[in-house]
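Observations on the three-dimensional arrangement
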Amino acid sequence: MENLSPAFITTFEASERALTTEHLDVLYGGTIQKLFDTSLQFKRNSITALIGASGSGKSTFLRSLNRMNDTVATVNGKIMFHGLNVNQANINVYELRKSIGMVFQKPNPFPKSIYDNITYALRADGEKNQQKLATIVEESLRAAALWDEVKDKLNQSALALSGGQQQRLCIARALALRPEIILLDEPASALDPVSTSKLEDTLKQLREKYTMVMVTHNMQQAARISDYTAFFHLGHAIEYDTTTNIFTNPQGAITEAYIQGSFG
Amino acid sequence: MTEHQKDRFATGVIYFLVGIVVILLAGILGNILINGLPHLSWHFLTSESSDFQAGGGVRDQLFNSVYLLILTTIISLPIALGAAIYLSEYARDNWITHLIRSTIEILSSLPSIVVGLFGYLLFVVQFGFGFSILSGALALTFFNLPILTSNIEESLKGVSATQREAGLALGLSNWKTIRGIVVPAALPGIITGVVLSGGRIFGEAATLIYTAGQSGSLVDYHNWNPLSPTSFLNVMRPAETLAVHIWKVNTEGIISDATAVSAATGALLVLVVIIFNLSARYFGNKLYQKLTAAK
Ligand SMILES: Nc1ncnc2c1ncn2[C@@H]1O[C@H](COP(=O)(O)OP(=O)(O)OP(=O)(O)O)[C@@H](O)[C@H]1O
Ligand SMILES: [Mg+2]
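The text that follows walks through the structure, step by step, so that each part is easy to find. Predicted model only: the values in this text are computed from it and were never measured.

Scoring rules and cut-offs
- Residues numbered from 1 in each chain as written.
- Chains lettered and ligands numbered in written order.
- Predicted model: local features only at pLDDT ≥ 70, side-chain atom pairs only at ≥ 80, totals over all residues.
- Heavy atoms only, no water.
- Patch = residues over 30% accessible without salt bridge, like charges linked within 9 Å, V, L, I, M, F, W, Y side chains within 5 Å.
- Areas by Shrake-Rupley, 256 points an atom, 1.4 Å probe, with all protein chains shown as cover.
- Salt bridge = Lys/Arg side-chain N within 4 Å of Asp/Glu carboxyl O.
- Helix = DSSP H or I, 4+ residues; strand = E, 2+ residues; numbered from the N terminus.
- Pairing = 2+ DSSP bridges.
- 1 Å grid on protein atoms, 1.4 Å probe; cavity = no way out; pocket = protein on both sides within 12 Å on 5 of 7 lines; lining within 4 Å.
- Points joined across faces, edges and corners; volume = space filled by probe spheres on them.
- Nonpolar A, V, L, I, M, F, W, Y, C, P; charged D, E, K, R; others polar.
- Near = heavy atom within 4 Å.
- Polar contact = N/O pair within 3.5 Å; in protein donor to acceptor, adjacent residues only side chain to side chain.
- Contact = heavy atoms within 4.5 Å.
- Buried area = accessible area lost by both parts, 1.4 Å probe.
- Expected span 1.5 Å × (residues − 1).
- Bend = angle between axes of the 7 residues up to and from the residue.
- Core = buried A, V, L, I, M, F, W, Y, C linked by side-chain atoms within 4.5 Å.
- Buried < 20%, exposed > 50% of the residue type's maximum accessible area, 1.4 Å probe, protein only.

A word on a nonpolar patch on the surface. On the surface, B:Met1, B:Phe9, B:Val13, B:Phe16, B:Leu17, B:Ile20 and B:Leu24 cluster together into a nonpolar patch covering about 760 Å² of accessible area. Inspection of the secondary structure puts B:Val13 in helix 1 (residues 3-36).

Attention now moves to the sheet that holds strand 12 (residues 236-242) of chain A. Residues and elements named next belong to chain A. Reading across the sheet, the seven strands line up as 1-12-11-5-10-9-8 and stay open at both edges, with mixed pairing between neighbours. Here the strands that pair on one side only, and so sit at the sheet edges, are strand 1 (8-9) and strand 8 (100-103). Note that strand 1 and strand 12 share two bridges and pair parallel. Bridging from a neighbouring strand, Ile9 pairs with Tyr240 of strand 12.

What follows is about the layout of surface pockets. The calculated volume of the largest pocket comes to roughly 840 Å³. Going through the elements one at a time, helix 2 (93-99) of chain A together with helix 3 (59-90), helix 7 (161-169) and helix 8 (174-203) of chain B are the ones with two or more residues in the lining of the largest pocket. When its residues are assigned to classes, the lining of the largest pocket shows ten nonpolar, four polar and eight charged.

For the rest of this paragraph, the subject is the site of ligand 1. All names here are of chain A. Taken together, Tyr28, Lys34, Ala53, Ser54, Gly55, Ser56, Gly57, Lys58, Ser59, Thr60, Glu186 and His217 make up the full set of residues near ligand 1. The contact in question runs from an oxygen atom of ligand 1 to an N or O atom on the side chain of Lys34, over 3.2 Å. Contact distances for ligand 1 include 2.8 Å between an oxygen atom and a side-chain N or O atom of Lys58. If ligand 1 stood free it would expose 630 Å²; the protein chains cover 63% of that surface.

This part covers empty space enclosed by the protein. Residues and elements named next belong to chain B. Taken as a whole and assessed by the stated rule, the structure comprises two cavities of 30 Å³ or more. Among the secondary structure elements, those contributing two or more residues to the lining of the largest cavity are helix 3 and helix 8. Ranked by residues supplied to the lining of the largest cavity, first place goes to helix 3 with three residues. Taken together, the residues of the lining of the largest cavity break down into six nonpolar, two polar and no charged. Estimated volume of the second largest cavity: approximately 30 Å³.

Counting from both sides, the interface comprises 22 residues of chain A and, opposite them, 22 residues of chain B. Buried area between chain A and chain B, summed over both chains or domains, comes out near 1900 Å², and the portion from carbon and sulfur atoms is 59%. When residues of chain A are sorted by the area they lose upon contact with chain B, A:Phe110, A:Pro111 and A:Tyr120 head the list and together hold 28% of the total. Linking chain A to chain B there are one salt bridge. Between A:Arg63 and B:Glu165 there is a salt bridge, with the nearest N and O atoms lying 2.7 Å from each other.

The subject of this paragraph is unusual backbone geometry. Residue and element names in this part refer to chain A. Despite not being glycine, Arg67 has its phi angle at roughly 65°, a positive value. When you line up the elements, Arg67 lands in the loop between helix 1 (58-65) and strand 6 (73-81). Here the phi dihedral of His82 falls at roughly 55°; this positive angle occurs in a residue that is not glycine. Structurally, His82 can be placed in the loop between strand 6 and strand 7 (84-85).

The α-helix winds at 3.6 residues per turn, so residues separated by three or four positions along the chain end up facing the same way. Compared with an ideal rise of 1.5 Å per residue, which puts 32 residues at 46 Å, helix 3 of chain B spans 45 Å between its outermost C-alpha atoms and is within 8% of the ideal. When the local axis directions of helix 3 of chain B are compared, the greatest deviation, roughly 30°, occurs at B:Ser76, which is followed within four positions by the proline B:Pro78.

Mapping B:Met1 onto the fold places it in the segment before helix 1. In this structure, the C-alpha to C-alpha distance between B:Met1 and B:Val219, residues 218 residues apart in sequence, is 70 Å.

Here the focus is the nonpolar core. All names here are of chain A. Ranked by size, the top nonpolar core spans 42 residues in total, and within it Ile114, Leu141, Leu169, Ile171, Leu184 and Leu203 carry the most contacts. Of all the elements, helix 3 (residues 114-124) adds the most residues to this core, at seven residues. Ile114 has contacts with Leu141, Val150, Lys153, Leu154, Gln156, Ala158, Leu161 and Leu169, leaving out every residue within four places of it along the chain.

Here it is in structure tokens:
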């Protein structure tokens, strides 16, 4: 039996933490445990990469953070956000998800215009001020580095955009809700190299204002853009440190084996 | 045989089979139109049907058919949509859901004559609605609901789960995600469902013989008061549709031009179904484009 206890888990000052999990367990269907006792702290205005082999529980962990696993799994443990444990029944998950946005593996824009993609959630929330909506659309698209490419075709279908543009639109759509944290689950895995590097540039810029947690299978990508990296194995967070340390000087034997490409 | 020959043989068989289908359909359609169209005239469309002499039209039957179609769709679409949304978005995978699904499947293959008799007993006799458009529309709703519901359910299920995830991840509630994203995305499929069931309703006779009745009563097209017995909008009056008219002319009819009348009515029926089909698709696409910015 491998040693699955954590080799090293970095921590931050309370004032630096944007989001913290404490002893998080995830049990699919309430019985099949796929994530074990995970306690990680995410630093404000940084990009944290989650790496690990397929099936190691990266998505399971990530999707618990904005409660997207509610309907399929039991999640035990605490998720601390602004001093509040948001993994409780009485938390308004709809409000929570506006503060903790999510971008998925496959770009999933709505079959609506570019403009409506960004404003739909705001309007569904009761925002009627057209001026304000237009401002938010422009701000979000600029922040996602998409404005210049689409400013003349805001009323065209989002489905006509390229995959890379669609993914940046999905980021803009999440930004429109003014989140603090953005969760990204392999956001570049469906994109070509050029779109990927554009997306990476965008994420690096967003670091100024947002805290990002990103699952990736691409080690180079993790090395290129993340500040911190957490390595998952069989549902356990084995090692969590600065990206430099994880890639150059890993503490755990399994981490080292994974980084060197021995498995996964 | 070589691979190449086998391939050509299989392709040939497939072309042959599809040819049979096309020839059959074209033959039926052509036959109906060729026999019927020469008898279709403005006079035929605008005059009352006649019980005894030749030269009657189908004005009332045409109106009744369209009116019943509209009423039935107005009643059944919201119910079917609600049930389909429940089944595709909310229902858990348990025995109750399975029971509902099996019931819907069984009901959708119920012979229309049985639905007609059921409608007769329940609406005509028990509820006392008599032979009326209302009884007919309600019976047709029974006839229509199962298939419409499963068609709509299928098209809702066809919307990718990633769309629902996208909505939820933006902090939208389940309902807002369904209403604003899933249903609009499923619209083309929903429209197809409505169109198909519209065609079935339009051609339905057995259900209506026992519920909407046969005798076309006196109808006044200038009387817009739905409560007045002679108004064309009155839902309590008996109403014969085009399909029922064909049946009646050929069974009980004593008019001398029965063949011509039923051929013309048949052609008219086909034409109206085609027009309904095309226009529903046209307006449906317009709506879809408006909701989705699609071109
Ligand atoms: N909805 C679910 N119900 C049951 N089991 C699930 C569910 N989602 C994931 N799992 C299981 O949980 C384990 C972890 O899956 P998860 O998707 O978190 O892995 P991952 O690290 O994201 O992998 P990948 O790199 O392939 O995306 C796997 O064994 C998977 O089969
Ligand atoms: Mg995953």
